[in-house]
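Residue-level structural notes
Next come the chains, spelled out residue by residue.
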Amino acid sequence: MYASAFQLAVVFLFAASGEWVAERAGTLNISVEGMLLAGAFGAALGMHWMSVGAFGLLIGCLAGVLVALVQANLSHRLTANQFVVGLALNVLVLGLTAYLDTVIDLGRAKAETLTIPLLADIPLVGAALFARPWPGYVAYALVPALWFLVFRTRWGLEARAVGERPQSADVSGIDVNARRRQAILVCGLTAGFGGAFLVLGQINQFQSTVVNGRGFIAIAAVIFGGWTLRGTVIGCVVFGFVEALAIATRVQRYSIDPFILEAAPYVVALSVMLLFATRVRQPRALAQPFVRGLT
Amino acid sequence: MNDRLTVPALYVASIGGAIVLSALLVSVTGGSAFAVFDALVDGSLRSPGAWGLTVTTMAPLLLVATGAIAATRAGLVNIGQEGQLLVGACFGAYLAVRLPGPGPLVLVATLLFAAVGGGLWAGIAALLKAWRNVPEVLTTLILTFVSFPLLTFGLRRRSLIGDRDTTRVNHINSGEQIPFDTRLPDLRIAGNQIDSAAILAVTVAAVAIYVLERTRLGARIDVLGLNPRAAQRFGVPQRPVAAGVLVASGCFAGVAGAVLLTGGTAGDRLSFGYSGNYGWDGLLVALLARNRVLVAIPMAFVFAALRTGSSFLATTGVDRKMTDVVQALLVLALLLPAAIEYVRRARGGRQPVAADRPGLGRRLAPVGGEVV
């Protein structure tokens, strides 16, 4: 139960932290669902070709970035509506992977488990945190890395500016749409990794239902976190637990209705928006396209 | 002259590209692209009764799209139609099997109650927006994912929408059958059964066109979407209009849910995943029609044709998931020309905002009224 909670939290973390970057730069990137699925499919495909976990991860990341490239260029180069692009991409990836899954026999895909000595012996949580398929450990490095990228580099400052006031960012010489595109690419990379981890570390097999709305839970986690990285991480851990609990209840017939658990992440995210509406605020230009010359 | 040629050319090129890409995909994976195309046309238009089915399928899509268009024109981003539709269907299902009385009356009540359901679901988002200024993009999206488990919850309880007939096999997790006399009647034209929901949808669309293009309310909605500050100057009550339009768009989606239930092709009892992406597709129709209801009608027909056509794919040995791919590629292809044109105009220094709302000012401040 702890182990599965941790695994799911890691998947959410990869998707949500990338989504967080994209949202800070002003895109409500709903194709994160498609990116996760593409990553999952890419990982299974990579394993099918080479049977090396790292190669599967690589292909998974590439697949995620590929989806991100389409999303980024259509919505922030050609200024097409980002929701249309996102929805269409989700449908496209779902259809394409399901279709290719019927054509190619992918088989099983599993990454090796790497147990960290000493740490894994900690009672209760040791095994859950430190005896996992190895790609999961990247999550520990991901959060500080993204924090550094967004809060300590010039690129991060510009990306945040673009998400708050694109007009001001534009007049100070920042290429607004380029920053947004790059932020989406970051999201594609991490979400692709997350999807790959979902297959390699958790399910060990590709199915077209493997992601099943988890990308949207990642979006809920970002909202839950009030668009802060810390909050997003907490959201991912909480939602990971909730999801693991939901799976456990379905198997073991506890007295909690799984319905409540399924709805929980979204209801919690809604309540956070309602309760902290005055303190928590989204990036000002979230989901607003930028075209120079328009106010 | 040049402009007039390039846009259609771009459309031809990008749609052609999407079709070629889909065909390539089918061929590479061992299918026959021509057989697939044939099957799609057979299933949606050519085979007996097919186009009637397509028109029937079009109805809920058009209803959803009409609501979405109204919302988008008011500058709102309602992307939760899938959930609003589902909640509407649940409300409708609850009433349809319980209300005593003559069938047609119950039917009307069902449709109205479904509208209330969809409106309520969108109303949550409207309330949050009006009260705490929470963006409706986020709330409508999230509420959609609350609605799915809500359906499960309801289906498990006989006091709600679960099947009360416990003697039936598979009664668990499924809704009660809608009585025959509370279903929308079918029209029979040349061997086609067309659900009267299609007439309802087209009528609703026509009314929406009139309201949006010809009335003061429509002008207020437009000006609110185009420039909220100008709307304020014109005395448009911003919050009530925005909230009203958001709720109305939810109502449209709710009615679409009831239409699925009482006459559509989605089956006569609720089950898991009942909304079947009708909400998402309707939203896509609206956005691809670039917020013109008149364009949404043929667009909804195309989407419906892909749906009905996909049921014929089995004969070709190609998985019907393929139609999802085709549909998504078509959506992306339909986006491209307008977007390219938009960027080209912006680069050329010409006004990128098309002044395509004739008579807006006149409708806002009618003759004799004060002109600001």
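Because the structure is predicted, anything quoted here is derived from the model rather than measured. (Residues numbered from 1 in each chain as written. Chains lettered and ligands numbered in written order. Predicted model: local features only at pLDDT ≥ 70, side-chain atom pairs only at ≥ 80, totals over all residues. Heavy atoms only, no water.)

As a further point, take the overall build of chain B. Within chain B one finds 14 helices and two strands. For chain B, the C-alpha radius of gyration of 22 Å lies close to 21 Å, the compact-globule estimate for 372 residues. In terms of overall dimensions, chain B has C-alpha extents of about 70 × 50 × 40 Å along its principal axes. Counting every position in chain B, which comprises 372 residues, the buried fraction comes to 50%. Of the contacts made within chain B by residues no fewer than 6 positions apart, 73% connect residues no fewer than 24 positions apart. Carbon and sulfur atoms make up 65% of the accessible area of chain B, which amounts to about 16500 Å² in all. (Helix = DSSP H or I, 4+ residues; strand = E, 2+ residues; numbered from the N terminus. Rg over C-alpha atoms; globule rule 2.2 N^0.38 Å. Buried < 20%, exposed > 50% of the residue type's maximum accessible area, 1.4 Å probe, protein only. Contact = heavy atoms within 4.5 Å. Areas by Shrake-Rupley, 256 points an atom, 1.4 Å probe, with all protein chains shown as cover.)

At the interface, 45 residues of chain A touch 45 residues of chain B. Summed over both sides, the interface between chain A and chain B buries roughly 4000 Å², with carbon and sulfur atoms accounting for 85% of that surface. Counting across the interface, chain A meets chain B through zero salt bridges. Seen at the junction of chain A and chain B, the total is one residue pair in polar contact (both at pLDDT 80 or more). Where the side of chain A that touches chain B is concerned, the elements lending two or more residues are α3 (53–76), α4 (82–103), α10 (214–224) and α12 (258–275) of chain A. Class assignment for the residues of the side of chain A that touches chain B results in 36 nonpolar, six polar and three charged. (Buried area = accessible area lost by both parts, 1.4 Å probe. Salt bridge = Lys/Arg side-chain N within 4 Å of Asp/Glu carboxyl O. Polar contact = N/O pair within 3.5 Å; in protein donor to acceptor, adjacent residues only side chain to side chain. Nonpolar A, V, L, I, M, F, W, Y, C, P; charged D, E, K, R; others polar.)

Another aspect to go through is the state of the cysteines. Residues and elements named next belong to chain A. Within the structure shown, the criterion is met by zero disulfides over all chains. Free cysteine cysteine 61: the closest other cysteine sulfur is in cysteine 187, separated by 12 Å. Given a relative accessible area of 12%, cysteine 61 falls into the buried group. Cysteine 187 provides the cysteine sulfur closest to cysteine 236, a residue in no disulfide bond, and the two sulfurs are 12 Å apart. (Disulfide = S-S within 2.5 Å.)

The next thing to look at is the packing of helix α2 (residues 33–46) of chain B against helix α3 (residues 50–73) of chain B. All names here are of chain B. Their axes nearest at 6 Å, the elements α2 and α3 cross at an angle of 80°. Of the possible angle classes, the one that applies to α2 and α3 is roughly perpendicular. For the pair α2 and α3, contact is made by Asp42, Gly43, Ser44, Leu45 and Arg46 and by Ala50, Trp51 and Thr54, respectively. Considering only residue class, the contact of α2 with α3 consists of three nonpolar, three polar and two charged. (Axes fitted to C-alpha atoms, helices over the stretch in contact; angles between N-to-C directions. Parallel < 35°, antiparallel > 145°, perpendicular 65-115°, else oblique.)

Turning our eyes to something else, we now look at the packing of aromatic side chains. Tallied over the full model, the rule gives twelve aromatic pairs over all chains. Relative to phenylalanine 193 of chain A, the ring of phenylalanine 14 of chain A lies with its centre 4.6 Å away and its plane at 35°, an arrangement referred to as tilted. With a gap of 179 residues between them, phenylalanine 14 of chain A in helix α1 (residues 2–24) and phenylalanine 193 of chain A in helix α9 (residues 176–203) connect regions that are remote in the sequence. Here phenylalanine 14 of chain A and phenylalanine 193 of chain A have matching classes, each one buried. Among the aromatic residues, those joined into a cluster by ring pairs are Phe216 and Tyr266 of chain A together with Phe145, Phe148 and Trp280 of chain B. The ring of phenylalanine 153 of chain B has arginine 157 of chain B sitting right over it, with the charged end atom 4.0 Å from the ring centre. Cation over ring: arginine 307 of chain B sits above tyrosine 278 of chain B, and NZ or CZ is 3.9 Å from the ring centre. (Phe/Tyr/Trp six-rings, centres within 6.5 Å; stacked < 30°, edge-to-face > 60°. Lys NZ or Arg CZ within 6 Å of the ring centre and 35° of its normal.)

Residue and element names in this part refer to chain B. By secondary structure assignment, the location of glutamine 81 is in helix α4 (residues 81–96). Each C-alpha atom of the pair glutamine 81 and leucine 260 lies 14 Å from the other, and the pair is 179 residues apart in sequence. The contacts of glutamine 81, once residues within four sequence positions are left out, are Val64, Ala68, Ala253, Gly279 and Leu283. Separated by 3.1 Å, the side chain of glutamine 81 and the backbone oxygen of asparagine 78 make a polar contact.

Formed by 198 residues in total, the largest nonpolar core has its most connected members in Leu28 and Phe206 of chain A together with Leu270 of chain B. With five residues, the next largest nonpolar core counts Ala169, Ile174, Val176 and Phe290 of chain A among its residues. (Core = buried A, V, L, I, M, F, W, Y, C linked by side-chain atoms within 4.5 Å.)

This brings us to helix α11 (residues 278–288) of chain B. Across the eleven residues of α11 of chain B, eleven count as buried, placing the element largely inside the fold. One or two positions beyond α11 of chain B, positive phi appears at arginine 290 of chain B, with a value near 45°.

Two side chains that carry opposite charge are able to pair once their charged atoms sit near each other. Residues and elements named next belong to chain B. Counting across every chain of the model gives nine salt bridges over all chains. A salt bridge links lysine 129 to glutamate 136; the shortest N-O distance between them is 3.1 Å. Residue glutamate 136 is classed as buried on the basis of its relative accessible area of 5%.

A word on the pairing of strand β1 (residues 186–189) of chain B. On a regular strand, each side chain points to the face opposite its neighbour's, so the side chains alternate between the two faces of the sheet. Residue and element names in this part refer to chain B. Pairing analysis gives four bridges linking β1 to strand β2 (residues 192–195), with the strands arranged antiparallel. Bridge pairing links aspartate 186 to aspartate 195 in β2. Linking β1 back to β2 in an antiparallel pair, the connection comprises two residues, with alanine 190 at a positive phi of about 50°. (Pairing = 2+ DSSP bridges.)

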